[in-house]
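# Secondary and tertiary structure notes
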Amino acid sequence: MSVTAVPIQPVKRSYIAWLWFGILLAVAGAVLLAWQGTRDEVTEFFASNGARAGVTTTASGLQIETLEQPSGTTSPTDADVALILYEGKLLDGSVFDQSQQPTPIPVATVVPGFSEALKLMKKGGKYRIWIPAALAYGEEEKRGPDGRVVIPANSPLVFDVTLIEFMPEAVLRQMQMQQMELQHKAQADDLQRRQQAELELIRQQAQQQTDANRQAMEAQMHRMKLEQEAQLDALRAQYEDQ
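My aim in this report is to walk through the structure given alongside it, one point at a time. (Residues numbered from 1 in each chain as written. Predicted model: local features only at pLDDT ≥ 70, side-chain atom pairs only at ≥ 80, totals over all residues. Heavy atoms only, no water.)

As a further point, take the packing of aromatic side chains. Counted by the stated rule, this structure contains 4 aromatic pairs. Aromatic pair Phe-45 and Phe-46: ring centres 5.7 Å apart, planes at 90°, arrangement edge-to-face. Accessibility expressed as a relative area gives 12% for Phe-46, which makes it buried. On the numbers, 5.7 Å between centres and 90° between planes, the contact of Phe-96 with Phe-159 is edge-to-face. (Phe/Tyr/Trp six-rings, centres within 6.5 Å; stacked < 30°, edge-to-face > 60°. Buried < 20%, exposed > 50% of the residue type's maximum accessible area, 1.4 Å probe, protein only.)

This part covers the layout of surface pockets. Its volume calculated, the second largest pocket comes out at about 260 Å³. Elements represented by at least two residues in the lining of the second largest pocket include exactly strand 3 (80–90), strand 4 (95–98) and strand 9 (157–168). By residue class, the composition of the lining of the second largest pocket is 11 nonpolar, no polar and 2 charged. (1 Å grid on protein atoms, 1.4 Å probe; cavity = no way out; pocket = protein on both sides within 12 Å on 5 of 7 lines; lining within 4 Å. Points joined across faces, edges and corners; volume = space filled by probe spheres on them. Helix = DSSP H or I, 4+ residues; strand = E, 2+ residues; numbered from the N terminus. Nonpolar A, V, L, I, M, F, W, Y, C, P; charged D, E, K, R; others polar.)

Across all of its chains, the model carries 10 salt bridges by this definition. Here Lys-142 makes a salt bridge to Glu-140, at a shortest N to O gap of 3.0 Å. Notably, a salt bridge pairs Arg-203 with Glu-200, separated by 2.6 Å at the nearest N-O pair. Taken together, the residues span about one helical turn, with Arg-203 and Glu-200 both in helix 3 (residues 169–241) at a distance of 3 residues. Put simply, Asp-190, Arg-193 and Arg-194 are held in one network by salt bridges that share partners. (Salt bridge = Lys/Arg side-chain N within 4 Å of Asp/Glu carboxyl O.)

Attention now moves to unusual backbone geometry. With phi around 60°, Asn-154 is a residue other than glycine that occupies positive phi space. Note that Asn-154 resides in the loop between strand 8 (149–151) and strand 9. By relative accessible area, which is 38% here, Asn-154 ends up partly exposed.

That is the geometry; function is a separate question.
Spelled out as structure tokens, the structure:
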């Protein structure tokens, strides 16, 4: 053995267990501190944002700002369907969803913060809303079609929303039924027109075939008549020669 070697006593298993426990505790503490720091940042953001002129904070903690003044005076209710344009972002500005065209949204079926905000809007107005995580998806994370997390857990959401129109859902359903009936009637009328066109084409083809058959028969009768006349002429000539 080397004279410089330092003998190491075997480590008891209980010491190893306590060591791992300490490591796990340290990791958990770091995660907790990071989460606490994020929560404090969000709380500070909502406090400073709510103090800005034009931003209204509701009793639930939702914040809303009017970007463009509305043309109407009434607001949707839980019984309505709102037709909107929207863009959804996280607090860091990353966009997680955006409408490509006016989108119908039943007021009562979206997350609580969005539903509350819709009921504060008026027709024709454009608004920016800040939804606390508790009024959005809470601890649930949302993933995109590719499986990537687009809304992390405990994320506040920011939306720019233009309220184009709204109407009672029952009225919308009735209009949709009427539209479906009109579409079905238009499809039935189109089918009937196509069937009539096909029948007319068949009739014309049959008529053309009949005309062709008649012409062929007339031509055959004409040939037979010529043949008979030729035979009679031949017999007549033979008789005259005799």
